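Residues per chain are reported as follows:
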Amino acid sequence: TTKGAVAGGGGKMAEFGAVQTRVAEASGLIDAARLLMLRDADEVLAIVSSGGTVDVGRRIRNRRHHALAVKFCVEAVNGLYAATGASGLFLDNRLQRTWRDITSLAKLISVNWDAVSTMYGQNTFGLEPRGQY
């Protein structure tokens, strides 16, 4: 329920079109992240199960997908968090905790989009990729 002096003050958050849109976008981003991760896991499992090895190109592509999935989740949570208003700042707000968790996770170098995307670009352009893949 809104508490401020906004249009519709005292109304339920679920009734605001902007909130409904943010929920739709967040759920789409999370679905996309999940699909990327599951597809990559299925492909790698199939390769290894048949006695094959995962080549460098696929490993780097999968690293790109891992970082992109985290980026999608950050965007999803940021969109929802932006709709919480000041109540989202309280430490007992579940979305605030989720925001802190995903923001912290995204700082890890192994899923940091800026770091991993450059490695993918290096490989794409025939350069020696820098990083662990």
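Residues numbered from 1 in each chain as written. Predicted model: local features only at pLDDT ≥ 70, side-chain atom pairs only at ≥ 80, totals over all residues. Heavy atoms only, no water.

Participant: Help me understand the packing of aromatic side chains in this model?
Facilitator: The relative placement of two aromatic rings is captured by the distance of their centres and the angle of their planes. Within this structure, the stated rule accounts for one aromatic pair. Measuring from centroid to centroid gives 5.2 Å for Tyr81 and Trp99, while their planes differ by 20 degrees, and the two rings are stacked. You can see Tyr81 sitting in helix α2 (residues 56–82) and its partner Trp99 sitting in helix α3 (residues 94–105), a full 18 residues away along the chain. When its relative accessible area of 15% is taken as the criterion, Tyr81 is described as buried. Cation over ring: Arg64 sits above Tyr120, and NZ or CZ is 4.3 Å from the ring centre. (Phe/Tyr/Trp six-rings, centres within 6.5 Å; stacked < 30°, edge-to-face > 60°. Helix = DSSP H or I, 4+ residues; strand = E, 2+ residues; numbered from the N terminus. Buried < 20%, exposed > 50% of the residue type's maximum accessible area, 1.4 Å probe, protein only. Lys NZ or Arg CZ within 6 Å of the ring centre and 35° of its normal.)

Participant: Any chance you could explain the packing of α2 against helix α4 (residues 113–124) here in plain terms?
Facilitator: Packed helices, taken two at a time, are described by the angle between their axes plus the distance between the axes. Following both chains from N to C, one finds α2 and α4 inclined at 150 degrees, their axes separated by 9 Å at the closest point. The orientation of α2 relative to α4 falls into the category roughly antiparallel. Every pair of crossing elements has a handedness; the one defined by α2 and α4 is left-handed. Facing Val56, Gly57, Ile60, Arg61, Arg63, Arg64, Ala67, Leu68 and Lys71 of α2, the residues of α4 in contact are Trp113, Val116, Met119, Tyr120 and Asn123. Each residue belonging to the contact of α2 with α4 can be placed in one class, and the counts come to eight nonpolar, two polar and four charged. (Axes fitted to C-alpha atoms, helices over the stretch in contact; angles between N-to-C directions. Parallel < 35°, antiparallel > 145°, perpendicular 65-115°, else oblique. Left-handed = near helix turned anticlockwise from the far one by under 90°. Contact = heavy atoms within 4.5 Å. Nonpolar A, V, L, I, M, F, W, Y, C, P; charged D, E, K, R; others polar.)

Participant: What is the right way to read the confidence of the model for the protein from this model?
Facilitator: Detailed reading of the predicted coordinates is not advisable wherever pLDDT falls low. Put simply, the protein has an average pLDDT of 91, and 96% of its residues get 70 or more. Averaged over each element, pLDDT in the protein is lowest for α4 (93) and highest for helix α1 (residues 17–49) (97). (pLDDT = per-residue confidence, 0-100.)

Participant: Help me out: how do you make sense of the environment of Ala14 in this one?
Facilitator: Residue placement: Ala14 occurs in the segment before α1. Expressed as a C-alpha distance, the spacing of Ala14 and Thr1, which sit 13 residues apart in the sequence, is 8.5 Å.

Participant: Is there a simple way to think about the pattern of salt bridges in this case?
Facilitator: Tallied over the entire structure, the rule returns seven salt bridges. The partner of Arg58 in a salt bridge is Glu43, and the shortest N-O contact between them spans 2.7 Å. Within this pair, whereas Arg58 is found in helix α2, its partner Glu43 is found in helix α1, the two being separated by 15 residues in sequence. We classify Glu43 as partly exposed; its relative accessible area is 24%. Via salt bridges that share partners, Arg39, Asp40, Glu43, Arg58 and Arg61 belong to a single interconnected network. (Salt bridge = Lys/Arg side-chain N within 4 Å of Asp/Glu carboxyl O.)

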